[in-house]
Amino acid sequence: GEIKKFEGYHDYEGEAITIVVIDDVHTIDYYYTAIEYEVVIKHVSARDNSVVLASETKTVCIDQEITVYTKTIDGYSINNQFVKFIMDGVTVEYTISYNPVEVNINVNHIGYEGRVLDTELVQSWYGLTIRIPYKIFTGYSSPSDYFTYTISNEKNNLVNLSYIPNRYDITIHHVNENRVK
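Keep in mind that what you see is a predicted model, and the values were worked out from it rather than measured.

The rules behind these values
- Residues numbered from 1 in each chain as written.
- Predicted model: local features only at pLDDT ≥ 70, side-chain atom pairs only at ≥ 80, totals over all residues.
- Heavy atoms only, no water.
- Helix = DSSP H or I, 4+ residues; strand = E, 2+ residues; numbered from the N terminus.
- Buried < 20%, exposed > 50% of the residue type's maximum accessible area, 1.4 Å probe, protein only.
- Contact = heavy atoms within 4.5 Å.
- Pairing = 2+ DSSP bridges.
- Patch = residues over 30% accessible without salt bridge, like charges linked within 9 Å, V, L, I, M, F, W, Y side chains within 5 Å.
- Areas by Shrake-Rupley, 256 points an atom, 1.4 Å probe, with all protein chains shown as cover.
- Salt bridge = Lys/Arg side-chain N within 4 Å of Asp/Glu carboxyl O.
- Phe/Tyr/Trp six-rings, centres within 6.5 Å; stacked < 30°, edge-to-face > 60°.
- Core = buried A, V, L, I, M, F, W, Y, C linked by side-chain atoms within 4.5 Å.

### Observations regarding the overall build of the protein
Right, on to step 1. Counting secondary structure elements, the protein contains 0 helices and 15 strands.
Right, on to step 2. By the burial criterion, 26% of the 181 residues in the protein qualify as buried.
Right, on to step 3. Taking as baseline every contact in the protein between residues at least 6 positions apart, the subset at least 24 positions apart corresponds to 47%.

### Let's talk about the sheet that holds strand E6 (residues 76-77)
Right, on to step 1. Strand order in the open sheet formed by 4 strands is E4-E3-E8-E6, and the pairing between neighbours is mixed. At either margin of the open sheet sits one strand with a lone partner, and together these are strand E4 (51-61) and E6.
Right, on to step 2. With 8 bridges connecting them, strand E3 (residues 36-45) and E4 associate as antiparallel partners. In the strand pairing of E4, Tyr 37 is matched with Val 60.

### Comments concerning the environment of Gly 139
Right, on to step 1. Mapped onto the elements of the fold, Gly 139 is located in the loop between strand E11 (129-133) and strand E12 (140-141).
Right, on to step 2. With 28 residues separating them in the primary sequence, Gly 139 and Arg 167 have C-alpha atoms 8.3 Å apart.
Right, on to step 3. Those residues in contact with Gly 139, other than ones at most four positions away along the chain, are Ile 164, Pro 165, Asn 166 and Tyr 168.

### Observations regarding the pairing of strand E9 (residues 102-110)
Regular strands place their side chains on alternate faces of the sheet.
Right, on to step 1. Two strands pair when backbone bridges link them, and E9 and strand E10 (residues 116-125) are joined in this way by 9 bridges, in the antiparallel orientation. Bridge assignment links Glu 102 to a residue of E10, and that residue is Trp 125.
Right, on to step 2. Once E9 ends, the chain turns through 5 residues before running back antiparallel as E10, passing Glu 113 with a positive phi of about 50°.
Right, on to step 3. Sheet topology places E9 next to strand E14 (residues 157-162); 6 bridges connect them, and they run parallel. Bridge pairing in E14 places Asn 108 opposite Asn 160.

### A short note on a nonpolar patch on the surface
Right, on to step 1. A contiguous nonpolar surface patch, about 410 Å² in accessible area, is contributed by Tyr 168, Ile 170 and Ile 172.
Right, on to step 2. Position of Tyr 168 relative to the elements: it lies in the segment after strand E15 (164-165).

### Re the packing of aromatic side chains
Right, on to step 1. Following the criterion strictly, the structure yields 3 aromatic pairs and no others.
Right, on to step 2. Between Phe 137 and Tyr 163, the ring centres sit 5.1 Å apart and the planes meet at 90°, which makes this aromatic pair edge-to-face. Remark: Tyr 163 occurs in the loop between E14 and E15 and Phe 137 occurs in the loop between E11 and E12; sequence separation between them is 26 residues. You'll find Phe 137 and Tyr 163 in the same group, each marked buried.
Right, on to step 3. By the ring-pair criterion, three or more aromatic residues cluster together here, those being Tyr 134, Phe 137 and Tyr 163.

### Some points on the nonpolar core
Most often, soluble globular proteins have nonpolar side chains that are buried together.
Right, on to step 1. With 31 residues, the main nonpolar core has Ile 105, Ile 130 and Ile 132 as its most contacted residues.
Right, on to step 2. Of all the secondary-structure elements, those providing two or more residues to this core are E3, E4, strand E5 (65-69), strand E7 (82-86), strand E8 (93-100), E9, E11 and E14.
Right, on to step 3. Ignoring sequence-local partners within four residues, the contact set of Ile 132 consists of Ile 105, Val 107, Tyr 146, Phe 147, Tyr 149, Val 159 and Leu 161.

### What to know about the pattern of salt bridges
Right, on to step 1. Evaluation of the coordinates by the stated rule reveals 4 salt bridges.
Right, on to step 2. Across the salt bridge formed by Arg 47 and Asp 48, the nearest N and O atoms sit 3.0 Å from each other.
Right, on to step 3. A residue is classified by how much of its surface remains accessible, and Asp 48, at 37% relative accessible area, is partly exposed.
Right, on to step 4. Across the pair Lys 71 and Glu 56 runs a salt bridge whose closest N-O atoms are separated by 3.6 Å. Taken together, the residues Lys 71 in the loop between E5 and E6 and Glu 56 in strand E4 connect sequence positions 15 residues apart.

The values are spatial; any link to function lies outside them.
Printed below as a string of structure tokens:
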């Protein structure tokens, strides 16, 4: 018989072995060793492909079915509990995309002695760093143009932006009822 080459398998090395002879028909079996591939499984955000969990590596052979169980990651959701694929000998990296959870951020604009000047609801996604702009309020100054906030949990996102009351110089004139000093 003729030795063949198969993608995903090492070239045959060794001698052919006659297994069975029936009615002058010889069956010859050649044994090939499958090539092992390192497949990197990446866990990334579906929003921007940022890494949400360290990659893992699996050693597999051609035509082998691979089952990768998805992970529970704070701030992310995924539709499947596992992902299956067949090793094709070409793919050396497989990516699982997780959906970031949309998050509500309650923003309080706080003035003198804790007085709430305004409130607002800002929506964004878990894991993002966002800029929340300060507003303009009569009689107050803001410490900067915006506040930088990193969303690190799914719930209870509360941001208090404090404003500085303006100070004014006032001149007081003491006068009598005729407005004379």
